[in-house]
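Here is how the chains run, residue by residue.
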Amino acid sequence: MYRVRVTYTKSKEASFIPEKDLKKVIETAMVRAGIYIIYTKDNEPDIEFADHISLGIESTAEICDIKIKEHVEPAFMIKGLNRELPVGMVVLTAEYLSDIDIPISKSAYAVTYEIIPDLGDRTKMTNREYEDRRKWYRFRMEEYLEEPAILVLVKSMDRSERIDIKPAILSYEMHINDALRITISKDTQYIFNPNYVMDGFNEFVNNKIDYTIKRTKILF
């Protein structure tokens with residue numbers, strides 16, 4: 001038995017594959033690539049993911065640990081999987097783990113997201129107007145993130161509640177292109193959806209800023 005740590009991307013349509021289906025997608029790709037996977041007692045493919053990711057969030061940094069029956073050269077594995085995986089999923093690396101390596105589901109402790117705001121159509125603004133918009137956004141975002149508590153309204157099928165996401169935020173920095181790079185702890189009482197950050201901000205400024213989100217790193 002061998003344990004392999006695989007890093008891969010999820011983009012486009014692949015970002016909408018739910019985690020419960022992702023195991024099947026990877027299992028099918030492994031079988032088609034001629035790589036024999038090991039199954040659990042419940043007849044599930046023995047695959048562990050680093051962290052849950054919300055539907056529709058693209059990522060360049062997904063990680064999973066897979067148990068296989070026979071040793072396969074990493075280069076062969078990468079090539080075989082990339083031939084069989086759906087559009088939007090691309091394997092970047094595959095490396096074997098030792099017996100003392102902690103499973104990724106237990107060793108991953110934080111994730112980093114990049115949030116890029118849409119500050120409007122530049123063709124409909126003067127340079128001064130656009131720069132003023134940028135300055136407003138950056139100032140208000142810093143003000144928002146420095147609040148002692150960041151309460152966000154979270155809705156589910158049976159109830160709505162406000163949760164404080166501030167304890168989950170380990171660090172953040174604003175980049176020159178106005179992208180917010182924010183690192184979130186996995187050690188929270190709820191599954192963190194990165195949309196919470198902008199949901200709370202839009203309520204804070206009483207405005208609606210469109211944005212895109214990408215997961216860029218899993219820390220372990």
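Residues numbered from 1 in each chain as written. Predicted model: local features only at pLDDT ≥ 70, side-chain atom pairs only at ≥ 80, totals over all residues. Heavy atoms only, no water.

1. A word on the overall build of the protein chain
Within the protein chain, the regular secondary structure consists of five helices and ten strands. Taking the principal axes of the C-alpha coordinates as reference, the protein chain spans close to 60 × 40 × 35 Å. Here the protein chain, with 220 residues, has 43% of them falling under the buried criterion. Excluding contacts between residues fewer than 6 apart, the proportion of contacts in the protein chain whose partners are at least 24 apart in sequence is 72%. About 12700 Å² of surface is accessible on the protein chain, with carbon and sulfur atoms providing 51% of the total. The averaged location of the 37 negative side-chain charges in the protein chain is 2 Å from the averaged location of its 32 positive side-chain charges. (Helix = DSSP H or I, 4+ residues; strand = E, 2+ residues; numbered from the N terminus. Buried < 20%, exposed > 50% of the residue type's maximum accessible area, 1.4 Å probe, protein only. Contact = heavy atoms within 4.5 Å. Areas by Shrake-Rupley, 256 points an atom, 1.4 Å probe, with all protein chains shown as cover. Lys, Arg positive; Asp, Glu negative; His and termini not counted. Charge placed at Lys NZ, Arg CZ, Asp CG, Glu CD.)

2. Looking at empty space enclosed by the protein
One water molecule sets the probe size; rolling that probe over the atoms shows where empty space is left. Scanning the model with the defined rule gives two cavities of 30 Å³ or more in all. A volume near 50 Å³ is recorded for the largest cavity. In terms of lining residues, the largest cavity is bounded by Y8, K10, E19, L22, F49, D51, I53 and E62. Considered class by class, the residues forming the lining of the largest cavity number four nonpolar, no polar and four charged. (1 Å grid on protein atoms, 1.4 Å probe; cavity = no way out; pocket = protein on both sides within 12 Å on 5 of 7 lines; lining within 4 Å. Points joined across faces, edges and corners; volume = space filled by probe spheres on them. Nonpolar A, V, L, I, M, F, W, Y, C, P; charged D, E, K, R; others polar.)

3. Here's the deal with helix α2 (residues 74-84)
Along α2, the residues classified as buried are M77, I78, G80 and L81. Looking at the buried side of α2, the elements it contacts are β1 (2-10), α1 (19-32), β3 (58-68) and β4 (89-96).

4. So, the packing of helix α4 (residues 127-145) against helix α5 (residues 195-205)
In the contact formed by α4 and α5, the axes pass within 10 Å of each other and the chain directions differ by 105°. By the criterion of interaxial angle, the relationship of α4 to α5 is roughly perpendicular. Residues W136, Y137, R140, M141, E143 and Y144 of α4 form the contact with α5, whose participating residues are Y196, V197, M198, G200, F201, F204 and V205. A breakdown of the residues in the contact of α4 with α5 according to their chemical character gives ten nonpolar, one polar and two charged. (Axes fitted to C-alpha atoms, helices over the stretch in contact; angles between N-to-C directions. Parallel < 35°, antiparallel > 145°, perpendicular 65-115°, else oblique.)

5. A short note on the nonpolar core
Across soluble globular proteins, nonpolar side chains have a tendency to be buried as a group. One finds M141, Y144, I165 and I182 to be the most contacted residues of the largest nonpolar core, which totals 35 residues. Secondary structure elements with two or more residues in this core: β5 (110-118), α4, β6 (151-155), β8 (169-174), β9 (180-185), α5 and β10 (210-219). Those residues in contact with I182, other than ones at most four positions away along the chain, are V111, T112, Y113, I115, L145, I169, S171, Y172 and V197. Counting residues in each nonpolar core, the second largest holds 25 residues, with V4, V6, L22 and C64 among its members. (Core = buried A, V, L, I, M, F, W, Y, C linked by side-chain atoms within 4.5 Å.)

6. Observations regarding the environment of L153
Along the chain, the position of L153 falls in strand β6. Taking the C-alpha atoms as reference points, L153 and D199, 46 residues apart in sequence, are found 8.1 Å from one another. In this view, L153 contacts S160, E161 and R162; residues no more than four positions away in its chain are not counted.

7. Focus: the side chain of S15
For S15, the location among the structural elements is in the loop between β1 and α1. Judged by relative accessible area, S15 falls into the buried class, the value being 2%. Excluding residues within four positions of it along the chain, S15 makes contact with K10, S54, L55, G56, I57 and E58.

8. Quick notes on α1
Across its 14 residues, α1 extends 20 Å between first and last C-alpha, which sits within 8% of the 20 Å expected from 1.5 Å per residue. Among the residues of α1, L22, I26, E27, A29 and M30 are the ones counted as buried. Summarising the axial view, the buried residues of α1 lie within an arc of 165°, below the 170-degree limit, and thus occupy one face. Exposed residues pointing more than 90 degrees away from the buried face of α1 are listed as K20, K24 and R32. In this fold, the buried residues of α1 make contact with β1, β2 (47-49), β3, α2 and β4. Of the residues flanking the end of α1, it is G34, one or two places downstream, whose phi is positive at about 80°. (Expected span 1.5 Å × (residues − 1). Arc of directions from axis to C-beta.)

Spatial relationships are all this shows, so hold off on functional conclusions.
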